[in-house]
Amino acid sequence: MRWIAGDRFLWGVAGALSLMGLLVVYSATVSLVFRHHPTFPEYYLIKHFLTLLIAFLGAYAIHHTDYRQWGPILEATWWLSLILLGYLFFRGGSERWLYIGGMSFQPSELGRFSLVGMLAYRIAREPDVLSSWQSLWPLLVRIGLTFLLIAPQNLSGGLMVLFTGGLFLYIAGLSASKIARLFLVGLFGVGVLFLVAPRARIWQSRLVTYLKGETTTSANMADDYQRVHASIAVFSGGFVGKGPGRSTQRYYLPQSYSDFAYSILVEEYGLIGGLLVWGLYTLYFWRLVALASVVDGFARLFLIGFMLHGLMQVIVHIGVNIEVFPITGVPLPWISLGGTSLLIQALGLGVALGISRRVI
């Protein structure tokens, strides 16, 4: 194993989560197989396995590079994501994906990840940037632009941008009083979107449904349908689950292999499986924090940003699946079917492992 450098513990946890993902994807994609590949039942399993293979090979290649070169690369990547998000924004409609050569790509995933990388690079290069509003302004504009290009069609993604950005700035050293003022500005911005955005009626309906716990209009029937079947999946799993491949709700839940992967996992592997995944994520994020505590500069800030990026996804995904949050679509890192999310996680893991090579 000498050819594997860096934190082997981090490698192992990411690998364990990916194995759980293979099990979930194989079971949850059964309805997709019936519709699109009835003669090839392993199609999505093999596709997901190949995506994981590419992701880990990419992480392996990246972790052998000098992590310090990734600061300017991530800043350039943020500009690229801004262009792609702008294209989708001005094209209109509700499309969140770009289709290139028969493959789909979600620019909002790249935008959220590259934003924290860019912030880490900027703050590490100019530590005094957080000392005054004047110097802080360029960073706030970048966070705001990312939010405004994502939120109108993907409010949950936009809110994650604001929460991740705010927490990151606070951990990086921004005072609590400034964070409080930024929170009020962000709250105002979200309130305006709730009134004028093209999907405002859908968001309002989802919020009312969530607060009242019942369907109030025909507009949110689909959301209520998902909520009900996600709950059935979670509660019917019991302590040990129904067993691998025995989920019934996979036939009813839209996006059971992505946005509701955790529900299918708990249905088949029970409370034990659900807690196991929680434990793996806890170890994963704890290790990133532990690495951040022994480095400084860009390395420390990047590890914190990458941890917050993944943690926010896990919290929202699991929260939606167990009815803590309103229905929204967020993949579960390393587990859900979805190439963009996996490749972004692998990019971040590769840089994190490259940093760990210098301290382990």
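Note that the structure is predicted; figures quoted are calculated from it, not measured.

Q: What exactly am I supposed to notice about the overall build of the protein chain here?
A: Check the secondary structure of the protein chain and you find 13 helices and two strands. In terms of overall dimensions, the protein chain has C-alpha extents of about 55 × 55 × 40 Å along its principal axes. For the protein chain, the share of sequence-separated contacts (at least 6 apart) that also reach a separation of at least 24 residues comes to 71%.

Q: I tried to follow unusual backbone geometry on my own but got confused; where do I start?
A: Only a minority of non-glycine residues have a phi that is not negative, and only a minority of peptide bonds are not trans. Positive phi values are uncommon outside glycine, yet Gln255 reaches one of about 55 degrees. Among the structural elements, Gln255 can be located in the loop between helix H10 (221-236) and helix H11 (261-292). With a phi angle near 65 degrees, Glu323 is a residue other than glycine that sits in the positive phi range. Structurally, Glu323 is set in the loop between helix H12 (297-321) and helix H13 (339-356).

Q: Got a minute to help me understand the confidence of the model for the protein chain in this structure?
A: Detailed conclusions should not be drawn from predicted coordinates in areas where pLDDT is low. Averaged over every residue, the pLDDT of the protein chain is 88; residues scoring 70 or more account for 94%. In the model, residues 215-219 has pLDDT below 50 throughout and makes seven contacts with residues more than four positions away in sequence or in other chains.

Q: Please explain the environment of Phe168 as it appears in this structure.
A: On the secondary structure map, Phe168 appears in helix H7 (residues 155-172). A relative accessible area of 0% means that Phe168 is categorised as buried. For Phe168 and Ser81, which are 87 residues apart along the polypeptide, the C-alpha to C-alpha distance reads 20 Å. The contact partners of Phe168, leaving out residues within four places of it in the chain, are Val116, Leu119, Ala120, Ile123, Leu301, Ile304, Gly305 and Leu308.

Q: Help me understand H11, please; the structure alone is not making it clear to me.
A: Since the α-helix packs 3.6 residues into each turn, any two residues three or four apart lie on the same face. For H11, spanning 32 residues, the distance from its first C-alpha to its last is only 30 Å, which falls clearly below the expected 46 Å at 1.5 Å a residue. The largest bend along H11 reaches roughly 130 degrees and is located at Gly270.

Q: Even after reading the chapter, I still don't get the pattern of salt bridges, so can you show me in this structure?
A: Proximity of charged atoms lets side chains of opposite charge pair with each other. Scanning all chains against the criterion turns up 10 salt bridges. Put simply, Glu75 and Arg142 hold a salt bridge, and the shortest N to O gap is 3.0 Å. Taken as a pair, Glu75 in helix H4 (residues 70-91) and Arg142 in helix H6 (residues 133-150) lie far apart in primary sequence, 67 residues in all. Both residues of the pair, Glu75 and Arg142, count as buried. With its nearest N and O atoms 3.9 Å apart, the salt bridge here joins Arg122 to Glu126. Judged by its relative accessible area of 37%, Glu126 falls in the partly exposed class. Through salt bridges that share partners, Glu75, Arg122, Arg125, Glu126 and Arg142 make up one connected network.

Q: Would you take a moment to explain the packing of helix H3 (residues 43-63) against H13 for this structure?
A: Where H3 meets H13, the closest approach of the two axes is 7 Å, and the angle between their N-to-C directions is 25 degrees. In terms of their interaxial angle, H3 and H13 are classed as roughly parallel. Seen from above, H3 lies across H13 with right-handed handedness. The segment H3 lies against H13, with His48, Thr51, Leu52, Ile54, Ala55, Phe56, Ala59, Ile62 and His63 engaging Gly339, Leu342, Leu343, Ala346, Leu347, Leu349, Gly350, Val351, Leu353 and Gly354. Of the residues that constitute the contact of H3 with H13, the class distribution is 13 nonpolar, six polar and no charged.

Q: Would you explain the packing of helix H5 (residues 107-125) against H6 in this entry?
A: What describes two packed helices is the angle between their axes and the distance between those same axes. With their axes 11 Å apart at the nearest point, H5 and H6 run at an angle of 175 degrees to one another. It follows that H5 is roughly antiparallel to H6 by the angle criterion. Across the interface between the two elements, Ser108, Gly111, Arg112, Leu115, Met118, Leu119, Arg122 and Ile123 of H5 pack against Leu139, Arg142, Ile143, Thr146 and Ile150 of H6. Considering only residue class, the contact of H5 with H6 consists of seven nonpolar, three polar and three charged.

Q: I tried to follow helix H1 (residues 8-28) on my own but got confused; where do I start?
A: For H1, spanning 21 residues, the distance from its first C-alpha to its last is 30 Å, which sits close to the expected 30 Å at 1.5 Å a residue. Its side-chain oxygen 2.9 Å from the backbone nitrogen of Phe9, Asp7 forms the N-cap of H1.

Q: What should I look at first to understand the side chain of Ser356 in this one?
A: Structurally, the position occupied by Ser356 is in helix H13. Discounting chain neighbours no more than four positions away, the residues touching Ser356 are Gly6, Asp7 and Leu291.

Q: What is the right way to look at the packing of aromatic side chains in this model?
A: The relative placement of two aromatic rings is captured by the distance of their centres and the angle of their planes. Under the definition given, this model contains 13 aromatic pairs. Judged by centre distance (5.9 Å) and plane angle (75 degrees), the rings of Phe40 and Tyr43 are edge-to-face. Taking relative accessible area as the criterion, Phe40 reaches 36% and is therefore assigned partly exposed. The class for Tyr43 is partly exposed, based on a relative accessible area of 27%. Centre to centre, the rings of Tyr284 and Phe285 are 5.5 Å apart; their planes meet at 65 degrees, and the pair counts as edge-to-face. Look at Tyr284 and you get buried, because its relative accessible area is 2%. Here the aromatic residues Phe113, Phe298, Phe302 and Phe306 are joined through ring pairs into a cluster of three or more.

Criteria and thresholds
- Residues numbered from 1 in each chain as written.
- Predicted model: local features only at pLDDT ≥ 70, side-chain atom pairs only at ≥ 80, totals over all residues.
- Heavy atoms only, no water.
- Helix = DSSP H or I, 4+ residues; strand = E, 2+ residues; numbered from the N terminus.
- Contact = heavy atoms within 4.5 Å.
- pLDDT = per-residue confidence, 0-100.
- Buried < 20%, exposed > 50% of the residue type's maximum accessible area, 1.4 Å probe, protein only.
- Expected span 1.5 Å × (residues − 1).
- Bend = angle between axes of the 7 residues up to and from the residue.
- Salt bridge = Lys/Arg side-chain N within 4 Å of Asp/Glu carboxyl O.
- Axes fitted to C-alpha atoms, helices over the stretch in contact; angles between N-to-C directions.
- Parallel < 35°, antiparallel > 145°, perpendicular 65-115°, else oblique.
- Left-handed = near helix turned anticlockwise from the far one by under 90°.
- Nonpolar A, V, L, I, M, F, W, Y, C, P; charged D, E, K, R; others polar.
- Polar contact = N/O pair within 3.5 Å; in protein donor to acceptor, adjacent residues only side chain to side chain.
- Phe/Tyr/Trp six-rings, centres within 6.5 Å; stacked < 30°, edge-to-face > 60°.

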